[in-house]
Structures are given as structure tokens and as C-alpha cells.
Amino acid sequence: MSMSTGMIQDRPPPPRERGPVAWARRNLFRGPVNTVVSLIVGYLVVAAVVGLVRWALDSPAWTQVWDNLKLLAAYRYPSDLLWRPIFAVGTILALMGIGAGAARRRGEGEIAGGVFWWFFGLVAVIAVVALLYWPSVRLPWTLAALAPLAALWLGRTVPAAGRLLGWLWPLGLIFVVFLLVGVGGDGPFRVVRTVEWGGFLLTLVLASVGIVVSFPLGVALALGRRSDLPVIKWFCIAVIELVRGAPLITWLFIASLMVPLLLNTSPDTVPALARALVAVTLFSAAYMAENVRGGLQGVPGGQGEAARALGLSGWQSMRLIVLPQALRSVIPAIVGQSIGLFKDTSLVFIVGLFDFFEIGRRVIPSQPASLQYTGGVLLELSVFMAIVYAFFAYRMSVASRQLEKRLGVGER
Amino acid sequence: MTETPNARPPADAHAPEGGEKIIEMAGLNKWFGDFHVLKDVDMSVNRGEVVVVIGPSGSGKSTLIRCINRLEEHQEGSITVDGTRLTDDVRNIDQIRRETGMVFQQFNLFPHLTVIDNVTLAPIRVRKWKRSKAEERAMYFLEKVGIPEQAKKYPGQLSGGQQQRVAIARALTMEPKVMLFDEPTSALDPEVIGEVLEVMVTLAKEGMTMVVVTHEMGFAREVGDRVIFMDAGQIVEVGPPEHFFENPQHERTRGFLSKIL
């Protein structure tokens, strides 16, 4: 008989089997139903992978992708000027490199570094392929891969480079615009009109401008919707609801027809690209606004009150206290919206633009009729395009998760 | 005693003569929609005084102190804090908020900022202090509330008692002339209430002007200069704590005290 009134000693938890066999038994073969489901799903997965690999290796039509790469990448952008978009890629990657290096210096570079190395890897692979197969763009791609490495080193070793980033980004982006558009004359800096742009170049321009502009616009609309001033409030509500009320295709049409009408000019004065940009950006901003509004509603009222009680102005309390918390809680929705915008740019063919997807579609009928019915060409190009879209969308989603994790520091 | 519950109470809670009045309220009325939440409130606080406001929930005591820094807007009457009249003028409101610190029931620390950033934010942004000065003052007050070692942590990593002490340090670093406490211990676990009250007692004894809405009668007895009892939006009874707790004059006061003591 034990009458001990002392504390109960801590005991270790019961042992748990380790290793792959135990794991499979626990997770895949626990009970008959579980076992059957595991076997069926396992068979389907193996069959699908084997089929896919066999098709990918057997299929002769990958050359269609390879042969049309220039069209898919840049459409009618003059071949002798391809170094300009390539340098644009290099410039942006270099800016990311300075940012990643500077962040690393401060000891917080996981996300910036991850995004940088991922894009760098892509450019490096292209550069290697260019060195082997594409003599005309060998030099630009090599430079576009090497300059960012130098920029990374610069950001990591020179503190001033990191501090100047706030200036370097806008300057770099202006430089990129000049690179893509050109300056004038007949030489290497001649103007390339946007009707010549296309392919993945166009998709990237649409998506990045759309995302970068629609985010602040969406935040502004969300704040406006909560404004005390009725005029601003009702205006923002009207814009948000109207824009969300119709499909993107409709807005592309309307922008394409209405913008020249409103500006009272001929349709050629405002390039189709600009019209599409307006539509895509506004459309995304309306959704962004509702995401942000959801985040704002999730911030407890006490946060704003505490900020105001400390003497912060309404704008300071919104910018420093409420908005950061609101945005953090809706990162998944914001990134989801950005990924959606990236893929939705494939609708701009409606207004006569030749984006990545449209080129892929157009390339197919230009093949010999015999090939169209063998099932090869359409499939290979579609798979290639899907992989490219998914590649970028996946990286955005990874960055989103990293960002959430990083910003969640200290939260219970 | 012929006092009946519905009789007009002596709704006058003016501070003793001779002191320098830092808060003055006269004929204050406020409605939430149709609900008359503050009725003809007259009250003032002297510099260095500790005024404790008690009363049943829904009696308007939180609303009363939230009117002092305009977290709630009153419809009738006047409020003057440290010579500044509370009007719609944003400059006056900001002026008053700079000089009044507030501590909330739910702490309301900023969860995305570290403790030190919580405390230095307003001094840097509102008082325009240099970061070095703000951090030095912040550490002084974090030491005063007993948790300087938590400065680099986030609020979510702290216990409730620690969070509330950070909130007090955050308000104090602005070097306010008045501190408002809105039920500062009501959301705390019983075992950590003491550590927060201790800080408040120290403050009171150092001469800080304080208006405290609380259910902690021990605190009211120990450091309160005056106790104000509110019920149904009115100030029912006012008095020094010894008089107030030993010999309450009004039926409603007695009823309330008998329930909580």
C-alpha cells in the first residue's frame, strides 16, 4: 500500500515505432478500407507517372516547342534587338540581387534570397542553353546571368547599395521601360512599338505591372470604402462593385473600345497594351480591395483606439498599426489574387494582343495539317505552356507561405 | 434616510478646493443611439489626485473615462483637460491625447511590433524624439514596471500580467500628465493581478494623476483619494475611500458594495 502524497514523477511517452515500414503501416495500411484505398491510389499514381514519362520520351513533337521558342518568348520583337528585353530581365534580377544581398547583410535574407536564387537559376539555365545553341543571344544572356551575381555581391558588401534600393528600384524600372520601348533613331536603340511585343515578354509585362499597380490601388479602394466621407465611400463602393460585377473579358472589350472614345482620339493613339493594362489592373484592384477590406475588419477595434490614445494621427494609426496587421492576415488571398491575375493575362488576345498563351495557340494551326491530327503538336505546346505558368505560379505561392511564416513571428 | 433609488442624486464630483484642476467635466451628456449612457455628469480631478470610479457593468464608467481622450464623443457639456477644451478641433484632440496615457482592459498592445517598438512608437512618431532617447526612456519605464528583459520579445510571447505592464510602460513613456485606466485587471488571471496593481500603487504614490475604473476595492482603499460610484449613467455618490466603504450614504451604493465586498 502506497500512501505517497508526493508529486507524480514525469514519465517518458510510450515508445513509438520509427522507420518507413512503421510509417507506411500507420499511414497507408491501417485497416482494410485504408489499405484498399492506398493500393488503388498508388496504382493510379504509378500508372499516370509511367504513362507521362513514356509519352514525354516517345513524343517527337517537342521540336515544335523548341522551334517556336523565339515566338513564344517575344513574338515579333526584332531579332537583332532581343538583347534589350534580355538586359531588362538582367536589370530586374540585378535589383533583386542587391536586395537579397542587403537583406542577407542584415541577417534576414531567406525570402529575398530564395526568390533571387530561383530566378537566377532560371536565367542561368537559359544562359547555358544560349551558349550552346543560340549564338545571337549568347552574350546578352551571359551578361544577364553574371550581372545579378555581381549585384548580389555588391548588396552584401556595400552598405550604401542596400540603403539606395529605394532609389535604385524606380530608376531601374524606368531604365527597363526605355530598354523595352527604345529611344529613337534607326540603330540599336530604335523604338519598338508595343504591337510588336508578345509572348512571355508581354505576359510578364502585363502581370508584373498589373500586380504592382493593383496592390496599392486595391488598398486605396479598401480604405476609401471605409471612409467617413460619403462621396469617397460611395465612389469606392461603386468602382469595386461595378468592376467585380462583370467578367474580365468584358472590361478588356470596354477598355479597348471606350478608352479611345473617352479620350476622343483614334484607337491607334492609345496602344492596345495600355488599354489591356488599364483593364487588368482595375479588375485586379477591385478584388484586391475586397481582400484588404476583409483583413481590415479582422483587426480588433482596440488596436486603432490604442494608437489614437497614444496621440498618433488617424493616418499614422492606419499605416503603422491597423494596415500591417490587416495585410498580414490576407497574404494568402492577395497572393492568390496575384496568381489569378498572372494566369488571366491569357485573356488579352480578346483585344488583339499576342501573349504567351495566344502565341502557343496560334503556332499550332501553322503546322502542317498532318501533324495536327496526330495529336502531337497541340499537346506538347499546351504541356509546355502549362509547365511555364505553373513554374511561376508555384514560386509565388512558396514566397507567400514564407512571408506568412516570417510575419507570423511572435504571434500565438 | 429617505433616499429612494429614483431620487436625483448629488451628481457633483468636483475635486477639493485649493488644488489645480487638470480635468474638468461639466453637464456631460452622452447617448448611444437612443440610450442615454451619461447623464448630467459633473466631475473634476486635481493634479496628483487618484480618482477611482466604481459601479455595476453598464453604468457608464468606461464611457466616462473614454470621453476624456475622445475615444467616445459626448453630445452635451464640456470637458477640459490641462487647459485644453475638448472640441471637434483635431489639434485639440491630439493635444489632449498626447498628455493623457490610457491603459485598456484588453491591453491592446500591437502584436506585430516588439515590446520596445510598442513603447517607442508614439514617442518617436508623435513627440518626435530621437530613437536613442525614446529607447532610453522606454527602458527606464520597462524597468520601472519590472520587465526590461522582455524588450525584444513580441507581446504574444508574454503573459497577460506582463502585457498589461508593457501597456502601462507604453503609456508612461509619452510622459503624460494624466493616466486613465479602464478596468486594467479585469482580463487578467487572478495570480497576476497583483503584479499589475503593484505597479499602479507605485505610480499613485509617486504623485501621478490617475483616473481608474476598476473592481479592485483594495486598490481603491489603499491609494484612492476619492471614490466615485456610478449607476445608470449618473454619479451617485462621491467620497474618500474610508468614508465611502465604511459609511455609504445611498441605497444603491450600499446594494452594490454588499454584492462585491
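All of these numbers come straight from a predicted model, not from anything done at the bench.

### A closer look at the nonpolar core
And step 1. In this structure, Tyr-77, Trp-141, Trp-197, Leu-252, Val-292 and Leu-296 of chain A are the most contacted members of the largest nonpolar core, which totals 85 residues.
And step 2. For this core, the element with the most residues is helix H13 (residues 272-298) of chain A, which contributes 13 residues.
And step 3. Residues lining this core come from more than one domain, with at least three contributed by each of domain 1 (66-192) and domain 2 (196-412) of chain A.
And step 4. In contact with Tyr-77 of chain A, not counting residues within four places along its chain, are Lys-70, Leu-82, Arg-84, Pro-85, Leu-179, Leu-180, Val-192, Glu-196, Trp-197 and Leu-201 of chain A.
And step 5. Ranked by size, the runner-up nonpolar core spans 48 residues in total, among them Val-119, Ala-151, Leu-158 and Ile-168 of chain B.

### Overview of the packing of aromatic side chains
Residue and element names in this part refer to chain A.
And step 1. Tallied over the full model, the rule gives 23 aromatic pairs over all chains.
And step 2. With a centroid separation of 4.7 Å and 10 degrees between ring planes, the pair formed by Tyr-75 and Phe-354 is classed as stacked. Here the residue Tyr-75 occupies a position in the loop between helix H4 (69-74) and helix H5 (83-105), and Phe-354 occupies one in the loop between helix H16 (331-344) and helix H17 (356-363), the gap between them amounting to 279 residues.
And step 3. Look at Trp-118 and Phe-119: their rings are 4.8 Å apart centre to centre, the planes differ by 85 degrees, and that puts the pair in the edge-to-face class.
And step 4. Through a chain of ring-to-ring contacts, the aromatic side chains of Trp-118, Phe-119, Phe-200, Phe-342, Phe-356, Phe-384, Tyr-389, Phe-391 and Phe-392 assemble into a single cluster.

### Things to note about the pairing of strand E10 (residues 226-231) of chain B
Residue and element names in this part refer to chain B.
And step 1. Counting buried positions over the six residues of E10 gives six, a clear majority of the element.
And step 2. Side-chain alternation along E10 places Arg-226, Ile-228 and Met-230 on one buried face and Val-227, Phe-229 and Asp-231 on a second face that is also buried.
And step 3. Alignment of strand E4 (residues 50-54) against E10, held across four bridges, turns out to be parallel. Bridging from a neighbouring strand, Ile-54 pairs with Phe-229 of E10.
And step 4. By the bridge criterion, five bridges tie E10 to strand E11 (residues 234-239) in an arrangement that is antiparallel. If you follow Val-227 over to E11, its bridge partner there is Gly-239.
And step 5. What sits between E10 and E11 in their antiparallel hairpin is a turn of two residues, with Ala-232 showing a positive phi close to 50 degrees.

### Overview of the domain arrangement of chain A
All names here are of chain A.
And step 1. Considered domain by domain, chain A is made up of domain 1 (66-192) and domain 2 (196-412).
And step 2. One C-alpha centre belongs to domain 1, the other to domain 2, and the line joining them spans 23 Å.
And step 3. Domain 1 puts 21 residues into the contact, and the matching count from domain 2 is 22 residues.
And step 4. For the pairing of domain 1 and domain 2, the buried interface totals around 2,000 Å² over both sides, and the portion due to carbon and sulfur atoms is 72%.
And step 5. Sorting the residues of domain 1 by area buried against domain 2 places Leu-72, Ile-111 and Trp-118 first, and these three jointly supply 35% of that buried surface.
And step 6. The closest approach of N and O atoms between Arg-76 and Glu-196, which form a salt bridge, is 3.7 Å.
And step 7. For the pair domain 1 and domain 2, the interface holds seven residue pairs in polar contact (both at pLDDT 80 or more).
And step 8. Within the residue set of the side of domain 1 that touches domain 2, elements represented by two or more residues are H4, helix H6 (110-133) and helix H9 (165-181).
And step 9. If one sorts the elements of the side of domain 1 that touches domain 2 by residue count, H6 sits on top with seven residues.

What counts as what
Residues numbered from 1 in each chain as written. Chains lettered and ligands numbered in written order. Predicted model: local features only at pLDDT ≥ 70, side-chain atom pairs only at ≥ 80, totals over all residues. Heavy atoms only, no water. Core = buried A, V, L, I, M, F, W, Y, C linked by side-chain atoms within 4.5 Å. Buried < 20%, exposed > 50% of the residue type's maximum accessible area, 1.4 Å probe, protein only. Helix = DSSP H or I, 4+ residues; strand = E, 2+ residues; numbered from the N terminus. Domains from an automatic or database assignment. Contact = heavy atoms within 4.5 Å. Phe/Tyr/Trp six-rings, centres within 6.5 Å; stacked < 30°, edge-to-face > 60°. Pairing = 2+ DSSP bridges. Buried area = accessible area lost by both parts, 1.4 Å probe. Salt bridge = Lys/Arg side-chain N within 4 Å of Asp/Glu carboxyl O. Polar contact = N/O pair within 3.5 Å; in protein donor to acceptor, adjacent residues only side chain to side chain.

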